[in-house]
Structures are given as structure tokens and as C-alpha cells.
Amino acid sequence: MQYDWSIVRWDEDDVVISKQQRLVKRCLDVTVTLMLIGLTAPLIIIIGCIVWLMDGWPILFRQQRVGERGRVFTMVKFRTMIPGAERLDPPATPHPATGIPFHKEANDPRVTDLGKWLRRSSLDELPQLFNVLLGDMSLVGPRPELPWIVAQYEPWQYRRLAVPQGLTGLWQVTGRSRNPMHLFTDIDIQYVQNYSFWLDIVILLKTPMIVYKGDGAF
């Protein structure tokens, strides 16, 4: 499905990240990501082989997501659902306040046994390091959303797209999947409005403990 992104209006004078800040952020992304890819390369290969042996092809799951300023890109992760899961109706519980379905649930029957472990440990997201390296994403920023959800945004919510979308972020370290993104965009906007290099560092330092605890990951 195609979406009309002309409804997203950007004020070119409203610069959230300056050129200098953007350069520093990108240098941090590339440096840390290259280190992480080097450290986790054997693990990435092993997980890929296990997914293939246990669940077959494809090993990777590709999905369209909305990046900075409405640019759509293909996000990759290890496949955690049965083949063709996207063609099946996902479980969806409407949120009582908004009526918007919450499609990510703890007991989704489409998720494989291996996929549950990969999600709980966040290892399914390791391939997104290559999204960061390519510049589609940043290490830290609002989590890139699905196009159909962004298409339902209120005008004030578009501001979360004013910065590079991230592998981890303020939303993830304050509840992760227990807080559906489309209902808590105010947390991402808080990050946008208070952006700094040191905020990125704090979020990066907090992320390993959140991943280790598996709080809200499913």
C-alpha cells in the first residue's frame, strides 16, 4: 500500500540536530556499530544457521518502516515468525482509550519457539546494525514505525520523525514493548526536544541492562 507523505510538513527552520551534532552522532553510530558487528559477527552467523536449521528460509525478515522525515526504508531482523506470517491476521486488542489495535502481543501464535527466545533476548534485532551502518537508522532515536501507523498520526506526532530513527531509544529504556509506540509518541518527542550527545550516551549505557532483563520484550 502506498501512502501520501505530502501531508507531513517540515519547518526547515526548525532544526533539531545541528550539522555539527549530526556529524558527531554519525561518527558515534559508525564507530560503535563497526565494533559491535566485529564482536557479534560469529553470533550473527550462528543465529542465522540456527534459524535456517530450525525454521527454514528465509533467515531474515524485511519490513518497510518510516525513517527520518518520512523516508521509507527496509528494516531487517532475524525472522521470528512462521513463514508467511504477515499474510495471517495478527491478534489485535484495541486500546480502550484510542481504539487503535495493539498488534504486538506476548502470546502471538505466529511466533516460533526460537523466535520467542530471540525476541526476549533482542538478538533478532542484530541485523539492524547494518541498517545503522547504511545510514537508514541511528543507534539511538525513536523506533522506526510501520507506515500504516504513521499514516494515522495526529500532526503533533510527526515531530518524532524529525531526527534519525533508532535501534534503541528513550521509549525502549522506559518500558519497551509494554508501551506500544503509537500510544507513547510523547516519550519520543521528549527525546527530540531534549536531544544531546550525552543523552544518546546515557541511553546506550542503559540499553544492555534493559536487554538483559528482557523487560517488556516479546
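Each remark here, short or long, concerns the structure printed above.
Calculation notes
- Residues numbered from 1 in each chain as written.
- Predicted model: local features only at pLDDT ≥ 70, side-chain atom pairs only at ≥ 80, totals over all residues.
- Heavy atoms only, no water.
- Phe/Tyr/Trp six-rings, centres within 6.5 Å; stacked < 30°, edge-to-face > 60°.
- Buried < 20%, exposed > 50% of the residue type's maximum accessible area, 1.4 Å probe, protein only.
- Salt bridge = Lys/Arg side-chain N within 4 Å of Asp/Glu carboxyl O.
- Helix = DSSP H or I, 4+ residues; strand = E, 2+ residues; numbered from the N terminus.
- Contact = heavy atoms within 4.5 Å.
- Polar contact = N/O pair within 3.5 Å; in protein donor to acceptor, adjacent residues only side chain to side chain.
- Core = buried A, V, L, I, M, F, W, Y, C linked by side-chain atoms within 4.5 Å.

(A) How the structure looks around the packing of aromatic side chains. Counted under the stated rule, the structure contains four aromatic pairs. With a centroid separation of 5.1 Å and an interplanar angle of 75 degrees, the aromatic rings of Phe197 and Trp198 are classed as edge-to-face. The exposure class of Phe197 is partly exposed, given its relative accessible area of 27%.

(B) Structural view of the pattern of salt bridges. In total, this model carries six salt bridges according to the counting rule given. Here Arg71 makes a salt bridge to Asp136, at a shortest N to O gap of 3.6 Å. Pair noted here: Arg71 is in the loop between strand 1 (60-66) and strand 2 (72-78) and Asp136 is in the loop between helix 3 (128-134) and strand 5 (138-140), with a separation of 65 residues, a long-range link. Judged by relative accessible area, which is 41%, Arg71 ranks as partly exposed. The exposure class assigned to Asp136 is buried, which follows from its relative accessible area of 17%. A salt bridge links Lys77 to Asp124, with the nearest nitrogen and oxygen atoms 3.8 Å apart. Here the residue Lys77 occupies a position in strand 2, and Asp124 occupies one in the loop between helix 2 (113-121) and helix 3, the gap between them amounting to 47 residues. Exposure remark for Lys77: the relative accessible area of 16% places this residue in the buried category. Under the relative-accessibility criterion, Asp124 is labelled buried at 4%.

(C) Looking closely at unusual backbone geometry. Across the junction of Trp57 and Pro58, the peptide omega takes the value -10 degrees, indicating a cis bond. With respect to the helices, strands and loops of the structure, Pro58 is situated in the loop between helix 1 (19-55) and strand 1. Positive phi values are uncommon outside glycine, yet Arg69 reaches one of about 55 degrees. Counting through the fold element by element, Arg69 comes out in the loop between strand 1 and strand 2.

(D) Structural context of the environment of Thr74. With respect to the helices and strands, the residue Thr74 is situated in strand 2. C-alpha separation for the pair Thr74 and Asp136, spaced 62 residues apart in sequence, amounts to 8.3 Å. Those residues in contact with Thr74 that lie beyond four places of it in its chain are Arg62, Gln63, Gln64 and Asn131. Here Gln64 takes part through its side chain, which lies 2.7 Å from a polar atom of the side chain of Thr74.

(E) Examining the nonpolar core more closely. Ranked by size, the top nonpolar core spans 32 residues in total, and within it Ile47, Phe78, Leu118, Leu126, Tyr191 and Ile203 carry the most contacts. At the level of secondary structure, the elements contributing two or more residues to this core comprise helix 1, strand 2, helix 2, helix 3, strand 5, helix 5 (185-193) and helix 6 (197-213). For this core, the element with the most residues is helix 1, which contributes four residues. Excluding residues within four positions of it along the chain, Ile203 makes contact with Val140, Thr168, Gly169, Leu170, Val173 and Tyr191.

Spatial relationships are all this shows, so hold off on functional conclusions.
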